[in-house]
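What follows is the residue order along each chain.
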Amino acid sequence: MNPEALATLHAHLLPALAAAPSETRRLFHGRGRCWPGLEQLTVDWLQGVVLVSLFKEPAPEQLENLKELLLDISISNEWQQSGAHTLLIQHRYLPQSTAEWLLGDEIDEMTIVEGGLHYLVDLGRKQNTGLFLDMRYGRDWVREQANGKRVLNLFAYTCGFSVAAIEGGASHVVNLDMSRAALSRGRDNHRLNGHDLSKVSFLGHDLFKSWGKVINSGPYDLVIIDPPSFQKGSFLLTKDYQRVLRRLPELLTAEGTVLACMNDPAFGSAFLIDGVTQEAPELRFEQRLENPPEFPDIDPQSGLKALVFQRTI
């Protein structure tokens, strides 16, 4: 983050704050490598809270210059017009992803809005807030497709897809994730939106030890697969994704649909398309969902991949 890079950040943030959205959005996505020197920085707008995330430790002088720039922005007209009240830096490169509050009171958790739906997120306590903003179009797509469908949400995390599916009229959603704490947050998210929890199941299990439970709850009209790229002791992208794909014929209805997702920049869409062709050849690739415009990437294949596959009769 040399002075030129910080000037670029300043030039992006002022107009972004001047036109601050009413819902949660990313304001600056340096990780797409479109702005030299800012590749390890993102800025999110959480409806009054400005969250700056650093993914690599900067030099002490660079960090101080960044803080000075952010505090300067916090007294600008654009900041005042936006209604912003809180500013923090999250040091994602540290083991505990330590948060540093530059302005406003510390907030443990808050409710944000996306697409008119409410989600409870954590601030300053965990590596991830609880909602991945680059998957906004994916949640929109599930909401549009879900009416009357039975949905399986694998690697459900805090159940963002489930919330979208129930809002879209899904008949039932089965959420599976190893983290019972994440699933508990998923229940909270459904309650925030006034959803009927009798239409939602939460399975706190290791998927690879629980295929029987998952299959017995099917078949499903829509299967969503959104695993971590790597999770020690539970999931390795290059080995375990194929293990999931080969089970799809047992999980799907005759005309079932799959949304397969991946966010590892080292692998493009071909990784999933080739995997499905090999492990579940009765599925055909339909489309890759677009990513939100606030997530530009110098290489489209490095960003989020959310691919739709359709079972053929």
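Residues numbered from 1 in each chain as written. Predicted model: local features only at pLDDT ≥ 70, side-chain atom pairs only at ≥ 80, totals over all residues. Heavy atoms only, no water.

Would you mind going over the pairing of strand 9 (residues 172–176) with me for this structure?
Both faces of the sheet carry side chains from a regular strand, because those side chains alternate between them. Extensive coverage of strand 9 is indicated by the burial of 5 of its 5 residues. The side-chain alternation of strand 9 yields two buried faces, one formed by H172, V174 and L176 and the other by V173 and N175. One ladder, built from 5 bridges, connects strand 8 (residues 150–154) with strand 9; its direction is parallel. Its bridge partner being in strand 9, R150 is matched across the sheet by H172. (Buried < 20%, exposed > 50% of the residue type's maximum accessible area, 1.4 Å probe, protein only. Helix = DSSP H or I, 4+ residues; strand = E, 2+ residues; numbered from the N terminus. Pairing = 2+ DSSP bridges.)

Could you clarify how one ought to interpret the sheet that holds strand 3 (residues 49–54) in this entry?
The pairing of strands in a sheet comes from backbone hydrogen bonds and takes either a parallel or an antiparallel form. An order of 1-2-3-4-5 is seen for the 5 strands of this open sheet, with the pairing classed as mixed. Every other strand in the sheet has two partners, leaving strand 1 (25–29) and strand 5 (99–103) as the edge strands with one partner each. If you compare each strand with its neighbour and ignore which way they point, the axes differ by 20° on average. Sheet topology places strand 4 (residues 86–91) next to strand 5; 4 bridges connect them, and they run antiparallel. (Axes fitted to C-alpha atoms, helices over the stretch in contact; angles between N-to-C directions.)

Help me understand the pairing of strand 10 (residues 200–203), please; the structure alone is not making it clear to me.
In this sheet, strand 10 lies alongside strand 9 in parallel orientation, the contact comprising 4 bridges. The residue of strand 10 that forms the bridge with L176 is L203. Each parallel crossover has a hand, and the one from strand 9 via helix 6 (residues 180–192) to strand 10 is right-handed. (Right-handed = clockwise from strand over helix to strand, strands pointing away.)

Sorry, what's going on with the pattern of salt bridges here?
Between side chains of opposite charge, a pair can form as their charged atoms come close. In total, this model carries 17 salt bridges according to the counting rule given. In this structure, E279 engages R246 in a salt bridge whose closest nitrogen and oxygen atoms are separated by 3.1 Å. Of this pair, E279 sits in helix 10 (residues 269–279) while R246 sits in the loop between helix 8 (237–245) and helix 9 (248–251), placing them 33 residues apart in sequence. Using a relative accessible area of 42% as the deciding quantity, one classes R246 as partly exposed. Residue R247 is joined to E250 by a salt bridge in which the shortest nitrogen-to-oxygen separation is 3.2 Å. (Salt bridge = Lys/Arg side-chain N within 4 Å of Asp/Glu carboxyl O.)

Can you walk me through empty space enclosed by the protein in this structure?
Unoccupied space between atoms shows up once a probe the size of one water molecule is rolled over them. The tally for this structure, following the rule as stated, stands at 2 cavities of 30 Å³ or more. When its volume is computed, the largest cavity comes out at roughly 50 Å³. The wall of the largest cavity is formed by L13, L17, L27, V43, V50, L70, I73, W79 and L87. Those elements giving two or more residues to the lining of the largest cavity turn out to be helix 1 (3–18) and helix 2 (60–73). Each residue belonging to the lining of the largest cavity can be placed in one class, and the counts come to 9 nonpolar, no polar and no charged. (1 Å grid on protein atoms, 1.4 Å probe; cavity = no way out; pocket = protein on both sides within 12 Å on 5 of 7 lines; lining within 4 Å. Points joined across faces, edges and corners; volume = space filled by probe spheres on them. Nonpolar A, V, L, I, M, F, W, Y, C, P; charged D, E, K, R; others polar.)

Any chance you could explain the packing of helix 8 against helix 10 here in plain terms?
When two helices pack together, their arrangement is captured by the angle between the axes and the distance separating the axes. At a closest axis distance of 9 Å, the pairing of helix 8 and helix 10 adopts a crossing angle of 45°. When the axis of helix 8 is compared with that of helix 10, the two are oblique. Of the two possible hands of crossing, helix 8 and helix 10 adopt the one that is right-handed. On helix 10, the residues touching L237, T238, Y241, Q242 and L245 of helix 8 are F271, L272, G275, V276 and E279. Residue composition of the contact of helix 8 with helix 10, by class: 6 nonpolar, 3 polar and 1 charged. (Parallel < 35°, antiparallel > 145°, perpendicular 65-115°, else oblique. Left-handed = near helix turned anticlockwise from the far one by under 90°. Contact = heavy atoms within 4.5 Å.)

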